[in-house]
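Overview (structure and organization)
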Amino acid sequence: EAGVAQSPRYKIIEKRQSVAFWCNPISGHATLYWYQQILGQGPKLLIQFQNNGVVDDSQLPKDRFSAERLKGVDSTLKIQPAKLEDSAVYLCASSLLSGGGYNEQFFGPGTRLTVL
Amino acid sequence: AQSVTQPDIHITVSEGASLELRCNYSYGATPYLFWYVQSPGQGLQLLLKYFSGDTLVQGIKGFEAEFKRSQSSFNLRKPSVHWSDAAEYFCAVGATGGGNKLTFGTGTQLKVEL
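Section: the side chain of Asn100 of chain B
Inspection of the secondary structure assignment puts Asn100 of chain B in the loop between strand 10 (87-94) and strand 11 (102-104). Within the structure, the side chain of Asn100 of chain B is placed 3.3 Å from the side chain of Ser95 of chain A, a separation counted as a polar contact.

Structural data, given as structure tokens:
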């Protein structure tokens, strides 16, 4: 079974530029998550989708970050314009449909973003 | 709101020695608890999880963890560390009210000396 795919693996941009990350979840996984992992910290949830609807985006900086999952499968996360503090690893994860119990989240390899 | 504390930022052990990584959580009820491992350039891999029942849980790669409600702890242990265990380890707590949301600790970087 293929895992969670992410691209690109690395990206270097200048501040104020825009950048987009792509994630393809495990087939059949209805729930998709984007996390931000700053160096020396644990992953922080930015946004959670269930199919193509947003479940939780309370920690997404909406003035510069946006995410979509138009067909309920793959997803893109965009930053525009980027700031120095956005330098981090962006992790995508997916799980079966989240309900009353808990479904394991499977993580992709991440995209390492460096903002200069 | 739930939170996780991993008090040790870095730990160094000799190969073959035992290991214990500490994790304390804050949550209003009995939470779901997890340990993940992250090797350089890799995503997070689930080592083990606790939902309910037996408080000593076994995971992959020879790891185990013990849930202690009275201490709000979920420490990770391994009796004999291998050089390939060098990585970063994250403890996480999940809310039991649904939603599948995870809150991670800041991680412990494990170095293994040969």
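There's plenty left to go through after this.
Digging into the pairing of strand 6 (residues 53-56) of chain A
All names here are of chain A. As defined by bridge partners, strand 5 (residues 44-50) adjoins strand 6 across three bridges and the pair is classed as antiparallel. Within strand 6, the residue paired with Phe49 across the bridge is Val54. The turn joining strand 5 and strand 6, which pair antiparallel and follow one another in sequence, is formed by two residues; a positive phi near 55° is taken by Asn51.

A short note on the layout of surface pockets
Roughly 550 Å³ of volume is contained in the largest pocket. Lining the largest pocket we find 29 residues, and of these Leu39, Val89 and Arg112 of chain A together with Gln38 and Glu88 of chain B sit closest to its centre. Among the secondary structure elements, those contributing two or more residues to the lining of the largest pocket are strand 9 (88-95) and strand 11 (111-115) of chain A together with strand 10 of chain B. The element best represented in the lining of the largest pocket is strand 11 of chain A, accounting for four residues. Looking at the lining of the largest pocket residue by residue, the classes come out as eleven nonpolar, 15 polar and three charged.

Quick notes on the state of the cysteines
Residues and elements named next belong to chain A. As enumerated under the stated definition, the model contains two disulfides over all chains in all. Between the sulfur atoms of Cys23 and its disulfide partner Cys92 the distance amounts to 1.9 Å. Across the S-S bond linking Cys23 and Cys92, the dihedral sits near -70°, which makes this disulfide left-handed. Taken together, the residues span a long stretch of sequence, with Cys23 in strand 3 (residues 19-24) and Cys92 in strand 9 at a distance of 69 residues.

Reading the values: rules and limits
Residues numbered from 1 in each chain as written. Chains lettered and ligands numbered in written order. Predicted model: local features only at pLDDT ≥ 70, side-chain atom pairs only at ≥ 80, totals over all residues. Heavy atoms only, no water. Helix = DSSP H or I, 4+ residues; strand = E, 2+ residues; numbered from the N terminus. Polar contact = N/O pair within 3.5 Å; in protein donor to acceptor, adjacent residues only side chain to side chain. Pairing = 2+ DSSP bridges. 1 Å grid on protein atoms, 1.4 Å probe; cavity = no way out; pocket = protein on both sides within 12 Å on 5 of 7 lines; lining within 4 Å. Points joined across faces, edges and corners; volume = space filled by probe spheres on them. Nonpolar A, V, L, I, M, F, W, Y, C, P; charged D, E, K, R; others polar. Disulfide = S-S within 2.5 Å.

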